[in-house]
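So the chains spell out like this:
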Amino acid sequence: MAIPAGRAARADGKGKGVMGRIKAILGGIWRVLDAARRAVHLLVMLFIAALIVGASHHALPIVPSKAALVVRFDGRIVEQESDDAFGRSVRAVSGSEAESQVVLREILASIRAAAKDSRIQALVLETENLSGGGLTKYRSIAEAINAFRHSGKPVYAYGRYVSQDQYYLLAQADHPYLDPAGAVEITGYAAYGLYFRDALEKLGVTVNVFKVGTHKSFTEPYTRQDQSKEDREQTLGWMQPLWATYRSDLERRRHLKDGAIDDYVNDAVARLKAADGDAAALAVKEHLVEALKTRIEFERELTGLVGEDAQTRSFNAIDASDYYAATESTRLGGHGEGEVAVLVAQGEIVPGEHGAGMIGGDTYAGLLRDARFDDNVKAVVLRIDSGGGSMLASEVIRQEVEALKAAGKPVVASFSSVAASGGYYIAMQADEIWASPTTITGSIGVFGMVPTFERTLGKLGVATDGVGTSAIAGGLSIDRALPAQTRALMQMGVEHAYRDFIGRVAENRHKELPAIEAVAEGRVWNGTEAQRLGLVDHLGDLDAAIRAAGDRAKLSPGHYSVTWIEKELGWKERLLRAFDTSAEGFVSLFGRHALPPVAVRAYTQAQRQVRAVGMLEDPRNLFLYCGCDAR
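Residues numbered from 1 in each chain as written. Predicted model: local features only at pLDDT ≥ 70, side-chain atom pairs only at ≥ 80, totals over all residues. Heavy atoms only, no water.

A sheet is described by the order of its strands in space; here six strands give the open sequence β9-β7-β6-β4-β1-β10, paired in parallel fashion. One side of each edge strand has no neighbouring strand; the edge strands of this open sheet are β9 (291-292) and β10 (317-319). Packed onto the sheet, helix α4 (residues 104-115) meets β1 (67-72) and β4 (120-126) and runs at close to 165° relative to β1. Running over the sheet, helix α13 (residues 295-306) touches β1, β4, β6 (155-162), β7 (175-184) and β9 and is turned about 170° from β6. (Pairing = 2+ DSSP bridges. Helix = DSSP H or I, 4+ residues; strand = E, 2+ residues; numbered from the N terminus. Contact = heavy atoms within 4.5 Å. Axes fitted to C-alpha atoms, helices over the stretch in contact; angles between N-to-C directions.)

As a further point, take the pattern of salt bridges. Using the criterion set out here, one finds 31 salt bridges in the structure. Of the charged contacts in the structure, one is a salt bridge between D262 and R247, with a shortest N-O distance of 3.3 Å. Of this pair, D262 sits in helix α10 (residues 260-266) while R247 is found in helix α9 (residues 229-253), placing the two residues 15 residues apart along the sequence. Each of E126, R295 and E299 takes part in one network of salt bridges that share partners. (Salt bridge = Lys/Arg side-chain N within 4 Å of Asp/Glu carboxyl O.)

In an α-helix there are 3.6 residues to a turn, and that puts residues three or four apart on one side. The terminal C-alpha atoms of helix α15 (residues 361-373), which comprises 13 residues, lie 18 Å apart, in line with the 18 Å expected from a rise of 1.5 Å per residue. Of all the positions in α15, only G361, T363, Y364, A365, L367, L368, A371 and R372 are classed as buried. (Expected span 1.5 Å × (residues − 1). Buried < 20%, exposed > 50% of the residue type's maximum accessible area, 1.4 Å probe, protein only.)

A few words on the environment of I186. When you line up the elements, I186 lands in the loop between β7 and α7 (197-203). Distance in space between the C-alpha atoms of I186 and A268 is 9.4 Å, their sequence separation being 82 residues. The residues touching I186, leaving out its near neighbours within four places in the chain, are Q164, Y167, W243, Y246, I261, Y264, V265 and L288.

Ranked by internal contacts, the top residues of the largest apolar core, which has 62 residues, are I141, Y167, V184 and I186. Ignoring anything within four residues of it in the chain, the contact list for Y167 reads V162, V184, I186, Y246, L250, R254 and L288. (Core = buried A, V, L, I, M, F, W, Y, C linked by side-chain atoms within 4.5 Å.)

Taken by themselves, the reported measurements are silent on function.
Right, dumping it as structure tokens:
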């Protein structure tokens, strides 16, 4: 029997009455929650906007007539801040210290200015929250501290539990103090990684690797369960000189006998036992620190030197970031004969556009192009701190470097902590390459890596089938095994890219091809060895590279200015970055801090390796990347 439309509707509603009510209730709840979410989101964005506006109208800090300059190494020391100024504020509020960053050039400028400033009576180093940056950057800071010391003003430092990296900077003080309950942790450098071959095999993941270079080891964790002989050899080859520099620098600074740091590390058990387990007392006995003091005693000593701040009831002080802002006008000069432009290349090299903290091929090439067409820019310095990444993006940048030179503008490369693989590729066209002795560089090699999950899907009862118009159609698909022809094409592409790489290095370094082949193969070198082998022209810091660029442009010393060319953020990008950073901060606050330090280190190690794979992006799957790092 047919049911009238209206009755059918009523019958349908009656039959689904319970589900209809549940849907209505859930829908109402969702609408309330969604409205609340939108309201909270709006309030957060308005709050962020208000702070940005407020920060833009904030008065410049005032330098006290008598104070200590306090340099707080809160986070990682970098060549370029990867977030906007507001993002740093949000991180501070949210408690995400691990993601905080301190810009190297701002630290150096503050310390150098303070040395000549009669208002600054002392320098105080706060290293407790330093999370990394590399020995090359630490040594640049040490040189600035030493210049400050020569002005006749004292340098103080205070630490509680002092890590190896933190101690390098703490030891630069005339008066390095340690908390009575503290310790100095020096263990030597290590480069350990996680190896996933067996785990991937259990999951049914096939990792297809194509590479040239016996020492190109980035893919090993996904194809092996242990480190290869070649990788052990090359890693110790660059890491041991790094450790030797660390030791000798500290032994010289603390007036210790040769080998004292090694003795402290290798005989740690016996020495701590002789000190009855008191690590702080051992640090004093070994002359690693001057004395043990509580924080109260430390502040009291500084108060006696520079006076008391009535508000904080501690010593008169100005933070280095405030001092940098207050003295910025003293660093601004006229163009004179022109400008030497410095462009920072920091992070992984990826295709397309990207903000600071990663090197977008098109973004960085655009900045180089801006320098090429800016008549005030007479020479360019590439400040590189990168292990590389996409070959295509690296080539886009190299072409723009070549165009700069063709336009008659000298290009000088300056290597920071790491300038390897793609980081070296974008520099090889430069007129001169400068590195520090502790720079990690080289890694001239190419690889491709394509994981496929056909076996994983098979475990779940999922199959892939279909047809194509050729044997290689759909070949690069992660849901089925790579066809033999596709594998052959990938390997040939990698081999051609490698020949192109070493050929360009030979041409631009004015070497015979066999000489470059002998030092390539993906092998990593330190700056000193790289200079000896001809991969680097000179050893020196960024200032030396800037002077070399000025000389090549025939600019008179003191008659040109140095400008930093960086991508400017729009207000929308600033808001989004600030919002994203605050979210990261809450994750950090409720996640990272809930874990013990040992667990945090293990998590960080795994995170670094996973992140490195996640950053590999190239349309041809060709990569110039070195995950070289020591901890």
